[in-house]
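Okay, here's what each chain looks like letter by letter:
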Amino acid sequence: MTFTKLHTPKGTRDYLTLEVEYYRYIEEGLREKFKLWGYQEIRSPTIEFVEALSTGVGSELVDSMFKFQDFDGKIVALRPEMTAPVARIITTRMPSTPEPIRLFYICNVFRYSQSYIERGREFWQAGVELIGCNTPEADGEILALLISSLKKIGLKEVRVDVGHASLLKDLLKATGLDEEKRAKLQNLLGYRDEARLEKFMDQNKIPPKLREIFLKLSSCRRLDEVSSVSLGSSKYGKTEDHLRKLLDVKDVLTDYGIENLVFFDFSLTRKIEYYTGIVFEASVPNFGLPLGGGGRYDDFIEKFGKVKIPAIGFALEIEKCLQALTAQGFQPQKREKIRILVASKFRSAAVKAVNAFHNAGVVALLDVTKSDEKKVLKYAELAGIDYVIFVDSTIEKPVIVYDPKSNVKKNVTIETFLQNLGGSSS
Amino acid sequence: MKRKIRIAIPSKGRLRQPSIKALQRAGINILEEERVYVSKTSDPRFEAIFVRAFDVPLYVQYGAVDLGITGHDLILEREADVHELLDLGFGKCQLVVAVPENSTIRSVKDISIVAKVATEFPNLSRRYFEGLGKQVEILRVRGTAELAPKLGLAEIIVDVSSTGETLRKNNLKVIATILDSTCRLACNKISFRTFESEIKEFLSRLKQGGLE
């Protein structure tokens, strides 16, 4: 069919040159930042065994994976995220590496969405993992790096909202409700409708102390506000430890000077199930979707090996970052400032001239069309070439420099031209 | 200065007028009600956007608007990941399963595997029937699902009903209720963070204004 010949499958798309420039701008900004903080880049296969990708991530993500059968009958899938591959790599390839280990990745991931919204099924993520440490300092570093990374690419008014996966889980469990009702309660917390939340808790006879804790935590917006929660005589799982951890993380954030950019959101959850500690999301005002997020997953890596290795990480969606930048009116700069087209009747001289430009770090294209001058200039104008240079029989002789936008012609040597270029572009 | 807070209001249908009135009771009057999509309000911090009720959850989820008034049923159908800050009380309705009065189907138990269901709510319908272990063919229609059984397009419809009047007129009877719904104030999750104090103040005025 013509359609399949000319189009790409649902949820996939082409990225044309300008968009790739923007993507590169973001990716390289993030890469530079991650490296500066001592994180090292890894890559892993696009296709992995389903078991490796689906261990501990929860059914929602498993359902969203593109799965197919390998020639030997094994079921493989396209990676839907990178934390599981990292956990596998840590266990199998890096067993004696001194911890903490700092890794990062920038890659495409694939998710099949059943939603009526035609979401991209292939999208690009940049993420970091800090493995082998569960101190508040490790949590703080990840949050600080997240904020620093987003600022680095030019985003303004970045904020991070932090919840705690086990705090929420332990308190929901303490209600003694069955799983269905717990899910309902969790939904109500997410709705932020206090009236209905209170009604539900009354109807289900949640003990007064626990009720008070739920309402109190729902109203906390700063991490240090959780200190006002009093647990009384009950333990509610490890609630006390979780609250303590949030306060400790807050202290670390203060040392980074970012405590006013990080907020508490008791109801915050992530779609992936492996989180055990803080979970978080980054956002900017005027862009309605989170840019990315992550959390602590201390019980996840041991599902691959036998050793318990605590870890924390985040992933950013490049596309969302780009959309948010656009919403803030930011135009990533084109990096290739000047493009030169070199033409000549004398091929040897033209090739030498192009080499000279390349050696000087200037973007130069050789005219390969063998067209006449008029056609060359027409092409240059349409293709956005900044200068066309007509080279004589040797590159020592002056060349004709033609600016298609202003129609100005000049006779100069390549050396002088490069000097002027260096002077004007710096 | 912060930008205006955008609130989406159903552009037509039974939810439009009560939504406008609820805003009025909260002290926000819409200044250009007729034939505009974006309207100023008497409160300079808010502007009103008229959007189809069905699309309100989508606008809110993506942050195209900060707040939106729409049915709980529509938020669920659209699977929108949004806050539902307040039950506004009006727009009471039920999502029901209905069949022609003379149908041999008396309850959902009688539904055979070949049954076709016409509905504007394919997601909620699919989940409901799958929950019952019933395999049905779901035909998505827009508006007037009541017509489908008459013309033999489907044996069953899933539709909203507030008084039951439309169903009766079309000789349809309700055999099950999927959910009860009312109008909600939905909020984009990031807007809630950005505008929490303004939104909370608006919420308390809505509550003071009295819910229907």
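Residues numbered from 1 in each chain as written. Chains lettered and ligands numbered in written order. Predicted model: local features only at pLDDT ≥ 70, side-chain atom pairs only at ≥ 80, totals over all residues. Heavy atoms only, no water.

**Let's talk about the interface of chain A and chain B**
Note: interface size is frequently given as the accessible area lost on complex formation between the parts. Counted only if it meets this: Two residues form a contact once any of their heavy atoms are found within 4.5 Å. Put simply, buried area is the surface a 1.4 Å probe can reach on two separate parts but cannot reach once they are joined, added for both. By salt bridge we mean one thing: a side-chain nitrogen of Lys or Arg within 4 Å of a carboxyl oxygen of Asp or Glu. Here a polar contact is recorded for every N or O atom pair within 3.5 Å, except that within protein the pair must consist of a potential hydrogen donor and a potential acceptor, and residues adjacent in sequence are included only if both atoms are side-chain atoms. We count a stretch as a helix when DSSP gives it H or I for four or more residues in a row; a strand needs E for two or more, and each element gets its number in order from the N terminus. Gly is placed with the polar residues, together with every amino acid not listed as nonpolar (Ala, Val, Leu, Ile, Met, Phe, Trp, Tyr, Cys and Pro) or charged (Asp, Glu, Lys and Arg).
If you look at the interface, chain A gives 24 residues, while chain B gives 25 residues. For the pair chain A and chain B, the two sides together bury roughly 2000 Å², of which 46% comes from carbon and sulfur. Applying the counting criterion to the chain A and chain B interface returns 5 salt bridges. Between Arg 193 of chain B and Asp 161 of chain A there is a salt bridge whose closest N-O contact spans 3.4 Å. The interface formed by chain A and chain B includes 10 residue pairs in polar contact (both at pLDDT 80 or more). Listed by contribution, the elements that provide at least two residues to the side of chain A that touches chain B are β7 (159-164), α8 (179-191), α9 (194-203) and β9 (278-283) of chain A. In terms of residue class, the side of chain A that touches chain B is made up of 9 nonpolar, 5 polar and 10 charged.

**Describing the pairing of strand β15 (residues 399-403) of chain A**
Regular strands show a simple pattern: their side chains alternate between the two faces of the sheet. Residue and element names in this part refer to chain A. For the record, the criterion: A 1.4 Å probe rolled over the protein chains alone gives each residue an accessible area, and that area as a share of the maximum for its type sets the label: buried under 20%, exposed over 50%, partly exposed in between. Note on pairing: two strands pair once DSSP finds at least 2 bridges between them.
Among the 5 residues of β15, 4 are classified as buried, and the element is accordingly described as predominantly covered. For strand β14 (residues 387-391) and β15, the ladder comprises 3 bridges, and the chain directions are antiparallel. Its bridge partner lying in β15, Val 388 is registered against Tyr 402. Bridge analysis of β15 against strand β16 (residues 408-412) gives 5 bridges, and the strand direction is antiparallel. Following the sheet pairing, Val 399 is matched in β16 by Val 412. A loop of 4 residues connects β15 with β16, the two strands running antiparallel in sequence, and Asn 407 in this loop sits at a positive phi of about 65°.

**Examining the domain arrangement of chain A**
Applicable threshold: Segment limits for the domains were obtained from an automatic or database-derived domain assignment.
When the domains of chain A are assigned, the result is domain 1 (4-327) and domain 2 (339-425). Domain 1 of chain A and domain 2 of chain A are separated by 51 Å when their C-alpha centres are compared.

**What to know about the pattern of salt bridges**
Taken as a whole, this structure holds 41 salt bridges over all chains when the rule is applied. Of the charged contacts, one joins Asp 265 of chain A and Arg 193 of chain B as a salt bridge, the two residues approaching to 3.9 Å between their closest N and O atoms. Separated into two different chains, Asp 265 of chain A in the loop between β8 (262-264) and β9 and Arg 193 of chain B in helix α7 (residues 189-194) make up a pair that spans both. A relative accessible area of 6% means that Asp 265 of chain A is categorised as buried. For Arg 3 of chain B, the salt bridge goes to Asp 66 of chain B, with nearest N and O atoms at 2.9 Å. With a gap of 63 residues between them, Arg 3 of chain B in the segment before β1 (5-10) and Asp 66 of chain B in the loop between α2 (56-61) and β4 (67-71) connect regions that are remote in the sequence.

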